[in-house]
Amino acid sequence: MNSPRLESHELSCMEIWSGHRSVENSAVSRGVEAWIFSEPYHGESNGGDVHYMSLCVGGIVTRLVLADVSGHGSEVAQTSGALRRMLRKFMNSKSQDRLVEAINREFTQLEQNRRFATAIVLTYLSHKRKLLITNAGHPNPLLYKQSTGEWRFLSQDQPDNQDIPSNLPLGIEEETPYTNYKLWIEDGDLLVLYTDAFVEAMNVDGKQLCEAGLLRLMQPISPGKSSADVGRQIRRAVLEYSSGTSDDDQTLIVLKFGKAKSAPGIRERLGGYASVLLGEKRG
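We now turn to the structure provided with this report.

### Examining the sheet that holds strand β10 (residues 150–153)
Stage number 1. The seven strands lie next to each other as β1-β3-β4-β13-β12-β9-β10, forming an open sheet whose pairing is mixed. Each having just a single partner strand, β1 (9–10) and β10 make up the two edges of the open sheet.
Stage number 2. Those strands touched by helix α3 (residues 210–218) are β9 (142–145), β10 and β12 (190–194), and its axis lies near 165 degrees from that of β10.

Following this line, the structure appears as structure tokens:
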């Protein structure tokens, strides 16, 4: 049976899209198409996986945050709101360093509630075709490079096996520095983000899929289709491995990169500023 076709939402300037609820959505920003699937544990309406995507007022800075927050359900809603406010505050910055530092401070202040998170923070600068990636203790993203025609983990994309900066999860230590990694993007490249439910999936014999198993499942997946098609293929393969069972929230995000549209005109930019003055857009 074919999956229903999704209508992609096109982000406008100064918009923040998505949240922490059960979703299967697609969105298009400047030069990047995103498919997001999120399913909270035990069918709750709100899960511990938080995901946001934003576009700056100039239409060149697309930012995405995926955080796996400790806890489930309504107790995560406050954290989700704090992430959204910080994303709004820094959404026009081409650097993501201050954003990551601010998020970490927020989680550190919530330490008395034992709230911490692993997270991936991405900033895509469409005019430079440059992607900034900060990994705060999160599972290793999967990368497909059009130039090589291979799926591999992001950490395997380094010359001479150099390590990609790996940072502590958010909320562990307030003053810890967070370093990022730069990736130069080509048309047709894909990046797959996921929470640990995907590598911790178990088969009937109790064997975890782990990174090596996930990479094996990726090899026959065609990267030439839409981000939604790729994401559904990944999810279907993991479901078959685990016989459809999971003990955690599940979030899977597929980003497909291509040529960016022209920069937004003055009318769209003014509309973005107006949305801030009149109240945040709700994604």
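Now that the structure has been shown, the text picks up again.
### Re helix α1 (residues 77–90)
Stage number 1. Its 14 residues place the ends of α1 20 Å apart at the C-alpha level, agreeing with the 20 Å of an ideal helix rising 1.5 Å per residue.
Stage number 2. Those residues of α1 not exposed but buried are Thr79, Ser80, Ala82, Leu83, Arg84, Met86, Leu87, Arg88 and Phe90.

### Here we look at the side chain of Lys130
Stage number 1. Structurally, Lys130 can be placed in strand β8 (residues 130–136).
Stage number 2. In this structure Lys130 touches Thr123, Tyr124, Leu125, Lys182, Leu183 and Trp184, once residues within four positions along its chain are discounted.

### Details of unusual backbone geometry
Stage number 1. In this structure, Arg129 takes a positive phi of about 55 degrees despite not being glycine.
Stage number 2. For Arg129, the position within the fold is in the loop between β7 (117–125) and β8.
Stage number 3. Taking the relative accessible area as the measure of exposure, Arg129 reaches 23% and is therefore partly exposed.
Stage number 4. Within the chain, Ser243 stands out as a residue other than glycine whose phi angle is a positive 55 degrees.

### Comments concerning the side chain of Lys145
Stage number 1. With respect to the element layout, Lys145 can be found in strand β9.
Stage number 2. Look at Lys145 and you get buried, because its relative accessible area is 9%.
Stage number 3. Among the polar contacts made by the side chain of Lys145, one reaches the main-chain carbonyl oxygen of Trp184 at a distance of 3.0 Å.

What counts, and where the lines are drawn
Residues numbered from 1 in each chain as written. Predicted model: local features only at pLDDT ≥ 70, side-chain atom pairs only at ≥ 80, totals over all residues. Heavy atoms only, no water. Pairing = 2+ DSSP bridges. Helix = DSSP H or I, 4+ residues; strand = E, 2+ residues; numbered from the N terminus. Contact = heavy atoms within 4.5 Å. Axes fitted to C-alpha atoms, helices over the stretch in contact; angles between N-to-C directions. Expected span 1.5 Å × (residues − 1). Buried < 20%, exposed > 50% of the residue type's maximum accessible area, 1.4 Å probe, protein only. Polar contact = N/O pair within 3.5 Å; in protein donor to acceptor, adjacent residues only side chain to side chain.

These figures come from the coordinates and say nothing about function on their own.
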